Amino acid sequence: MSRPPFRLLAITPPEGLVDADLVDRWLAAGAGADTLAVLLRQPGAAPRALLAPGGRLAALVRRCRDRGLPLLLSVDPAAIDLALDLSSETAGLHLRGDPSPALLADLRPRVGGLLGRSCHGAPQPGHPAVDYTLLAPIFVPTTVQPGLPLGSKRPIGLAGLRAWTADPSAAVVALGGVGPSTAGDCLAAGAIALAGIGVFFGPPDRVEQDVAALRAIVRPGPAHVLPPRP
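Because the structure is predicted, anything quoted here is derived from the model rather than measured. (Residues numbered from 1 in each chain as written. Predicted model: local features only at pLDDT ≥ 70, side-chain atom pairs only at ≥ 80, totals over all residues. Heavy atoms only, no water.)

To continue, consider the overall build of the chain. If you tally the helices and strands in the chain, you get nine helices and eight strands. Taken over C-alpha atoms, the radius of gyration comes to 16 Å for the chain, in line with the 17 Å a tight globule of 230 residues would show. Taking all 230 residues of the chain together, 51% fall into the buried category. Considering only contacts within the chain whose residues lie at least 6 apart along the sequence, 62% involve residues at least 24 apart. When the accessible surface of the chain is split by element, carbon and sulfur atoms take 57% of a total near 9,700 Å². Each charge class in the chain can be summarised by its mean position, and for the 21 positive and 18 negative side chains these summaries are 3 Å apart. (Helix = DSSP H or I, 4+ residues; strand = E, 2+ residues; numbered from the N terminus. Rg over C-alpha atoms; globule rule 2.2 N^0.38 Å. Buried < 20%, exposed > 50% of the residue type's maximum accessible area, 1.4 Å probe, protein only. Contact = heavy atoms within 4.5 Å. Areas by Shrake-Rupley, 256 points an atom, 1.4 Å probe, with all protein chains shown as cover. Lys, Arg positive; Asp, Glu negative; His and termini not counted. Charge placed at Lys NZ, Arg CZ, Asp CG, Glu CD.)

The structure is reproduced here in structure tokens:
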């Protein structure tokens, strides 16, 4: 297991149009391939739909590839076999829905790139099998999820984040209400990277300003050294 090669993770909105020109705003703010990765996510969509040339995210995918930004593919555990065939087209796979340690251990040798997971609530085992854990929500999310009212997900707060990062093998990426005003606290609580939706896919001028602020916050952060993968 190696430290994930990003400090910022831009997660695509769950629905609606995605402005590919925002990629150039990220770059103008100083967040290039050495800092930022993009997680392609659309609840309920088949893995191939996320990369389809005519799909909702097609323009974003093309722009990220043109600019050399790494792409990660978010998939449900039930669709993992379909996603494995696409792993060579991205920098890695990301499993949603608190996947079990047994599933992660089975997948680890089958995924050539990065392997990440989404988790919620109290700490879970499985760190040795993944390159990072996306933990949410730290604070009240600012992006509405389909079928869920805003604020319906209970935030775990900085104490909950610290409970995860107390494990030295954990590489935790903080998500949920994370922005320039809260990013420093998340890093101080042990997060190795920061993730968001609206902060990367909002109004262009605000996005460039916020991403520049996040880039400045993560710049001095020390490298997170993880033990070798068994």
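Burial analysis of strand 3 (residues 71-75) places five of its five residues in the buried class, which makes it a mostly covered element. Burial along strand 3 is two-sided: Leu71, Leu73 and Val75 and Leu72 and Ser74, pointing in opposite directions, are all buried. Inspection of the sheet shows strand 3 paired to strand 4 (residues 92-95) by four bridges, in the parallel sense. Among the inter-strand pairings, leucine 72 is bridged to a residue of strand 4, identified as glycine 92. (Pairing = 2+ DSSP bridges.)

Turning our eyes to something else, we now look at helix 9 (residues 204-218). In a regular helix each residue adds 1.5 Å, so 15 residues correspond to 21 Å; helix 9 covers 21 Å between its end C-alpha atoms and thus fits that length. The complete set of buried residues in helix 9 reads Val207, Asp210, Val211, Leu214, Arg215 and Val218. The arc that holds the buried residues of helix 9, viewed along the axis, is 140°, so those residues lie on one side. Exposed and facing more than 90 degrees away from the buried side of helix 9 are Asp205 and Gln209. (Expected span 1.5 Å × (residues − 1). Arc of directions from axis to C-beta.)

Bringing the packing of aromatic side chains into the picture now. A full pass over the atoms with the stated rule returns three aromatic pairs. A centroid spacing of 6.1 Å and a plane angle of 90° characterise the contact between tryptophan 26 and phenylalanine 200, whose relative ring orientation is edge-to-face. Here tryptophan 26, found in helix 1 (residues 22-28), pairs with phenylalanine 200, found in helix 8 (residues 198-201); they are 174 residues apart in sequence, far enough to count as distant. Look at tryptophan 26 and you get buried, because its relative accessible area is 0%. Where tryptophan 26 meets phenylalanine 201, the ring centres are 5.4 Å apart and the plane angle is 85°; that geometry is what we call edge-to-face. Of this pair, tryptophan 26 sits in helix 1 while phenylalanine 201 sits in helix 8; the two residues are 175 residues apart in sequence, bridging distant segments of the chain. Of the residues examined, phenylalanine 201 reaches a relative accessible area of 14% and is grouped as buried. An aromatic cluster of three or more residues is present, and its members are Trp26, Phe200 and Phe201. (Phe/Tyr/Trp six-rings, centres within 6.5 Å; stacked < 30°, edge-to-face > 60°.)

Moving on to the nonpolar core. Counting residues in hydrophobic clusters, the biggest one holds 55 residues, and the most contacted among them are Trp26, Leu36, Val38, Leu40, Leu60, Leu194 and Phe200. Per element, the largest residue contribution to this core is four residues, and it comes from helix 9. With residues up to four places along the chain from it excluded, the contact list for phenylalanine 200 reads Leu8, Leu9, Ala10, Leu22, Trp26, Leu36, Ala195, Val207, Val211 and Leu214. Counting 17 residues, the second largest nonpolar core, distinct from the first, contains Ala37, Tyr132, Val173 and Leu175. (Core = buried A, V, L, I, M, F, W, Y, C linked by side-chain atoms within 4.5 Å.)

Strand order around the closed barrel formed by eight strands is 1-2-3-4-5-6-7-8, with parallel pairing between neighbours. The mean angle between the axes of side-by-side strands here comes to 30°, regardless of whether they run parallel or antiparallel. Pairing of strand 6 (residues 132-135) with strand 7 (residues 172-174), which is carried by three bridges, proceeds in the parallel orientation. Across the sheet, residue leucine 134 finds its bridge partner in strand 7, namely valine 173. (Axes fitted to C-alpha atoms, helices over the stretch in contact; angles between N-to-C directions.)

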